[in-house]
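# Observations on the three-dimensional arrangement
Below are the chains, spelled out letter by letter.
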Amino acid sequence: MAEPLTPVSRGLVALVFATAVGVYLPTARYGFVEDDRAVVAANPRAHSIPQALRGFDQPYWGEEFYRPLTVLSFAVDWTVSGGRAGWLHLMNAVWHGIASVLVALVLARALSPAAAVAGGLVFALHPVHTEAVAGLVGRAELLAAVGMLGAVLCARRRRWAAAVACAAAAMLSKEHGVITGVLIVLDRWLQRPDEPPYPRSLYVALGIVTAVFLAAWYVIGRRATGDVAPVFLGAETAQRLDIALPGVLRAAWLLAWPLNLSADYGPRVIPAYRAFSLAALGGAVIVVLVLAGGWRIRRTAPTLTFAAWAAAAAYLPTSNLLFPSGIVLAERALYVPALLAAAAFGCAVQWAHGRWTPQRVGVVTVAVLSVLAGRTLTRLPVWRDNRTFLLTLLADHPESYWGHWSAAAVLAGMGDTGAARREYARADSLFDGDPHLDAARALFLVGLSDSASARPLVDRARRRLPFEPVALRAQFVLALRGGDQARAVALADTARGHVPWEAAWYDAQLDERPGH
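Structural notes, computed from the coordinates. (Residues numbered from 1 in each chain as written. Predicted model: local features only at pLDDT ≥ 70, side-chain atom pairs only at ≥ 80, totals over all residues. Heavy atoms only, no water.)

## Comments concerning the overall build of the protein
What counts is decided by this rule: Think of it this way: any DSSP run of H or I at least four residues long counts as a helix, any run of E at least two long counts as a strand, and we number them from the N terminus. The size measure is the radius of gyration over C-alpha atoms, and the globule rule it meets is 2.2 Å times the number of residues to the 0.38 power. Buried residues are those whose accessible area, probed at 1.4 Å on protein chains only, stays under 20% of the maximum for their type, while exposed residues exceed 50% and partly exposed ones sit between those limits. Should any heavy atoms of two residues lie within 4.5 Å, those residues are considered in contact. Computed by Shrake-Rupley with a 1.4 Å probe, the accessible areas treat only the displayed protein chains as cover when residues are assessed. Neither His nor the chain termini are counted; the positive set is Lys and Arg, and the negative set is Asp and Glu. For this purpose, a charge sits on NZ of Lys, CZ of Arg, CG of Asp or CD of Glu.
Each helix and strand in the protein was counted, giving 24 helices and 0 strands. At 24 Å, the protein has a C-alpha radius of gyration in line with the 24 Å of a compact globule built from 516 residues. Its C-alpha atoms put the protein at 80 × 45 × 45 Å along the principal axes. Classification of the 516 residues of the protein by burial places 51% in the buried group. Across the protein, every contact between residues at least 6 apart in sequence was considered, and the portion connecting residues at least 24 apart equals 71%. Carbon and sulfur atoms make up 64% of the accessible area of the protein, which totals about 22400 Å². For the protein, the distance from the average site of its 47 positive side-chain charges to the average site of its 37 negative ones is 8 Å.

## Things to note about the nonpolar core
How we decide: Residues belong to one nonpolar core when they are buried, are Ala, Val, Leu, Ile, Met, Phe, Trp, Tyr or Cys, and are joined through side-chain atoms within 4.5 Å.
The biggest cluster of nonpolar side chains holds 131 residues, and the ones touching the most others in it are Ile 184, Phe 306, Leu 329, Leu 334, Tyr 335 and Phe 476. With 11 residues, helix H8 (residues 139-156) is the largest single contributor of residues to this core. Discounting residues that sit within four places of it in the chain, Ile 184 has contacts with Ala 151, Val 152, Ala 155, Tyr 198, Leu 202 and Leu 206. Grouped together as the second largest cluster of nonpolar side chains are 14 residues, Phe 32, Val 71, Ala 75 and Trp 78 included.

## Details of the layout of surface pockets
What counts here: Two kinds of site are reported from a 1 Å grid over the protein atoms alone, namely cavities, where a 1.4 Å probe fits but cannot get out, and pockets, open sets with protein on both sides within 12 Å along at least five of seven lines, and residues are called lining when an atom falls within 4 Å of a point. Grid points are joined across faces, edges and corners, and a volume is the space filled by probe spheres set on the points. Note that Gly is not counted as nonpolar here; it falls among the polar residues with everything else outside the nonpolar set of Ala, Val, Leu, Ile, Met, Phe, Trp, Tyr, Cys and Pro and the charged set of Asp, Glu, Lys and Arg.
Approximately 860 Å³ is the volume found for the second largest pocket. Along the wall of the second largest pocket there are 34 residues; nearest its centre are Ala 251, Ala 252, Leu 255, Ala 256 and Leu 340. Residue assignment for the lining of the second largest pocket shows that the elements contributing at least two residues are helix H12 (237-256), helix H13 (278-296), helix H14 (302-315), helix H15 (338-353) and helix H16 (358-379). For the lining of the second largest pocket, the residue count by class is 31 nonpolar, 2 polar and 1 charged.

## Side note on a nonpolar patch on the surface
Basically, it comes down to this: Patches draw on residues past 30% relative accessible area with no salt bridge. Two like charges within 9 Å are joined, as are two nonpolar side chains (Val, Leu, Ile, Met, Phe, Trp, Tyr) within 5 Å. Only one rule defines a salt bridge in this text: a Lys or Arg side-chain nitrogen within 4 Å of an Asp or Glu carboxyl oxygen.
A cluster of nonpolar side chains, namely Phe 276, Leu 278, Leu 281, Val 285 and Leu 289, defines an oily patch on the protein surface of about 540 Å² accessible area. Among the structural elements, Val 285 can be located in helix H13.

## Description of the packing of aromatic side chains
Here is the rule: Only Phe, Tyr and Trp rings are paired, with Trp represented by its six-membered ring, and only when their centres lie within 6.5 Å; those with planes under 30 degrees apart are stacked, over 60 edge-to-face, the remainder tilted. We call a charge positioned above a ring when the Lys NZ or Arg CZ atom is no farther than 6 Å from the ring centre and deviates by at most 35 degrees from the ring normal.
Tallied over the entire structure, the rule returns 15 aromatic pairs. With centroids separated by 5.2 Å and ring planes inclined at 75°, the aromatic side chains of Phe 123 and Tyr 335 adopt a geometry described as edge-to-face. One end of the pair, Phe 123, is in helix H6 (residues 113-125); the other, Tyr 335, is in the loop between H14 and H15, and 212 residues separate them in sequence. For the pair shown, Phe 123 and Tyr 335 are each scored as buried. Counting every residue linked through ring pairs, the aromatic cluster contains Trp 189, Trp 295 and Trp 309. Here the guanidinium or amino end of Arg 298 rests over the ring plane of Trp 295, the centre of that ring lying 3.8 Å away. Here the basic side chain of Arg 299 rests over the ring of Trp 189, its NZ or CZ set 5.4 Å away from the ring centre.

## Looking at the pattern of salt bridges
Summed over the entire model, instances satisfying the criterion amount to 16 salt bridges. As a salt-bridge pair, Asp 187 and Arg 156 come within 2.8 Å of each other at their nearest N and O atoms. Residue Asp 187 is located in helix H10 (residues 180-189), and its partner Arg 156 is located in helix H8; the two are separated by 31 residues in the primary sequence. Ionic pairing is found between Arg 460 and Asp 438, a salt bridge with its closest N-O pair at 2.7 Å. Of this pair, Arg 460 sits in helix H21 (residues 451-464) while Asp 438 sits in helix H20 (residues 435-447), and the two are 22 residues apart along the sequence.

## Examining the packing of helix H4 (residues 68-81) against helix H5 (residues 85-107)
Note the threshold: Between N-to-C directions, angles span 0 to 180 degrees; the directions come from axes that are lines fitted to C-alpha atoms, helices contributing only their stretch in contact. Here the angle decides the label: under 35 degrees means roughly parallel, over 145 means roughly antiparallel, 65 to 115 means roughly perpendicular, and every other value means oblique. With the far helix as reference, a near helix turned anticlockwise by less than a right angle produces a left-handed crossing, and one turned clockwise produces a right-handed crossing.
Running from amino to carboxyl end, H4 crosses H5 at an angle of 130°, the nearest separation of the two axes being 9 Å. Here H4 lies oblique to H5, going by the angle between them. Seen along the crossing, H4 lies across H5 with a hand that is right-handed. Contacts between H4 and H5 involve Phe 74, Asp 77, Trp 78, Val 80 and Ser 81 from the former and Trp 87, Leu 88 and Met 91 from the latter. Residue composition of the contact of H4 with H5, by class: 6 nonpolar, 1 polar and 1 charged.

## Quick look at H8
Rule in force here: Each helix should span, by expectation, one fewer than its residue count multiplied by 1.5 Å.
Its 18 residues give H8 an end-to-end C-alpha distance of 26 Å, which sits within 8% of 26 Å, the value for a rise of 1.5 Å per residue. Counting buried positions along H8 yields 18 of 18 residues, so the element is predominantly enclosed. Looking one or two residues past H8, Arg 158 carries a phi angle of roughly 65°, positive in sign.

Note that every value here comes from positions in space, so none of it alone points to a role or purpose.
Right under this line is the structure:
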């Protein structure tokens, strides 16, 4: 027999939803910031439902990733609102509200209603979510979380078709949705042995859906597997772990104490250690605690085990522990892992109820939630517009080379080439291992006809990443300006083979050459 949906009253569920949405209402006045412009504002598929549906066989961004359901959700919002950014931000808040409710319902299986709601409220207010909710491209994280948690709850309710549908929705929203089947298996394993097993057909269906998605992702979005954070280029396994494990420690710290938040966690923000460090040791301890600790408490605190292992599974693809990814750390990647913080607080509330007076429990709970809400509200304005975003990053983390690189691009666009040169030089001094920075700086210098300064940057970029698209462009322009037509044609052919989406640009440049 299917269990009741939840012992949590509708009023408490509504409280979690209203809190999650309410704290992000200020974003309804925000615009398109950073990646929002390319993924949403300048993407025709995100403006039309028919185009989004026809684009189910197209990559998410450029030639990478496969997230058609996320694009479709943008298209629906764009159609309803006429392209108003405020409406899209509001819908992000609504999806976050749904995810927060699902967290409370997941926790309600083993915790009291009050403890489960407390956990749901922590998830709703956790400051680490500001990037995922306030940034429109974070929609992928929100939808994937709703799909994953919805699938677990549907399986508990023995709604097998709905569970499979939610799993498919999670995968089509973002790649880490492929862990949904694992979460269902984990959740069932942690249930009481006397509860009826899930049918084999559920696991078969989940396996088929997962295999079909992985096949589609390989065909359509596999170029993303070539993305490697610059700090990992050329790094051996031990060198990668020397950098990745401190990232794990920082991620755990952000979940436990989300005070010092950042839009960038590249080199210098998280030091790029070149040997095993205390920070790496701390990251290794976190890994052991999550895995071994989860196993040890699986019978006494199954909720914590589920949350810890679900957090680990969701974080693993971008953790750089098994293979290098395109980022060292990003707060949006901690959206699902924040389930661990929510579960830990819910368990703490349940423990306190048996030892403290209700008034004391209430005071402590309200104090914790108030601190979280306050930090979230103070963090939100960072995502108001690009100017605020960049100025905040540079003020909070002047050691961020990416921040200075972004400032250089803005200054170049404004025509302040002297200041742009200084910012590019500052970025390079902070971290000189990014071929994309070298390529962008070289192209900027080519535009100023400073070929002598551009050439070594192009050479360095292509040594590190032979087919870096912007470096190829810069080298092509240098060849044309130097009168080396044969070299230019050869570079254009190389670009067509390795960055085919740029072929039209090369063709246009060659068509304009004299005597063509």
